[in-house]
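Listed here are the chains, written in short residue letters.
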Amino acid sequence: QVQLVESGGGLVQAGGSLRLSCAASGRIFSINAMAWYRQAPGKQRELVAVITSGGSTDYADSVKGRFTISRDNAKNTVYLQMNSLKPEDTAVYSCNARLVVTLKGFEYDYWGQGTQVTVSS
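Residues numbered from 1 in each chain as written. Predicted model: local features only at pLDDT ≥ 70, side-chain atom pairs only at ≥ 80, totals over all residues. Heavy atoms only, no water.

Asker: Looking at this model, I keep getting lost on the sheet that holds strand S1 (residues 3–7). Mind explaining?
Answerer: Through backbone hydrogen bonds, the strands of a sheet pair up, either in parallel or in antiparallel fashion. Within the open sheet, the four strands sit side by side as S1-S3-S8-S7. Their pairing is antiparallel. Whereas interior strands pair on both sides, the edge strands pair on one side only; in this sheet they are S1 and strand S7 (67–72). Between one strand and the next, the sheet's axes are offset by a mean angle of 15°, whatever the strand orientation. By the bridge criterion, five bridges tie S1 to strand S3 (residues 18–25) in an arrangement that is antiparallel. Note on S3: the bridge partner recorded for Gln3 is Ser25. (Pairing = 2+ DSSP bridges. Helix = DSSP H or I, 4+ residues; strand = E, 2+ residues; numbered from the N terminus. Axes fitted to C-alpha atoms, helices over the stretch in contact; angles between N-to-C directions.)

Asker: How should I be thinking about the state of the cysteines in this particular structure?
Answerer: Two cysteines, two sulfur atoms, one covalent bond between them: this is a disulfide. By the definition in use, this model includes one disulfide. Note that Cys22 is cross-linked by a disulfide to Cys95, the S-S spacing being 1.9 Å. Sign of the S-S torsion, about 40° for the bond between Cys22 and Cys95, identifies this disulfide as right-handed. Separated by 73 residues along the polypeptide, Cys22 in strand S3 and Cys95 in strand S9 (residues 91–100) bring together distant segments of the chain. (Disulfide = S-S within 2.5 Å.)

Asker: In this structure, what is going on with the pairing of strand S11 (residues 115–120)? I would like to understand it.
Answerer: Regular strands have side chains that alternate between both faces of the sheet. Residue alternation in S11 divides its side chains into a buried set, Thr115, Val117 and Val119, and an unburied set, Gln116, Thr118 and Ser120. Taken together, the four bridges between strand S2 (residues 10–13) and S11 define a ladder with parallel strand orientation. Paired with Gln13 across the strands is Ser120, a residue of S11. (Buried < 20%, exposed > 50% of the residue type's maximum accessible area, 1.4 Å probe, protein only.)

Asker: Before we go on, may I ask you to explain the side chain of Thr115 in this structure?
Answerer: Mapped onto the secondary structure, Thr115 falls in strand S11. Classification of Thr115 by relative accessible area gives buried; the value is 12%. There is a polar contact of 3.4 Å between the side chain of Thr115 and the backbone nitrogen of Gly9. When sequence neighbours within four positions are dropped, the list of residues in contact with Thr115 reads Glu6, Gly9, Leu20, Ala91, Val92 and Tyr93. (Polar contact = N/O pair within 3.5 Å; in protein donor to acceptor, adjacent residues only side chain to side chain. Contact = heavy atoms within 4.5 Å.)

Asker: Can you walk me through the pairing of S7 in this structure?
Answerer: The two faces of S7 differ: Phe67, Ile69 and Arg71 on one face are buried, but Thr68, Ser70 and Asp72 on the other face are not. Bridge count for S7 against strand S8 (residues 77–82) is six bridges, and the pairing is antiparallel. Directly across from Ile69, in S8, lies its bridge partner Leu80. Linking two consecutive strands that pair antiparallel, namely S7 and S8, is a turn of four residues; a positive phi of about 55° is found at Asn76 within it.

Okay, structure coming up:
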């Protein structure tokens, strides 16, 4: 069974740092883009950062210069290093990956279960 498992969320004071991890497991032929999304209470889910299979990255304006997305292809894992955290970064963070899980090469979206990040002021 293919799944994404996240870890690394928690409670941190403003200005602090956290590192999120998301590992893909199961029968996976390849992984294309991987991304982190977040959803705060009462708000829509938003894209935080994305990284392609080639390592190109893009970020939401609100996190540029503070967050860094990276991936370890050997471990099928994507990371989100979050520095200079602000109370407005408080949300449930979920990873997303486009996985090729069949011999025909079609890619499908998979989601992690989400991890809570809370930043206190």
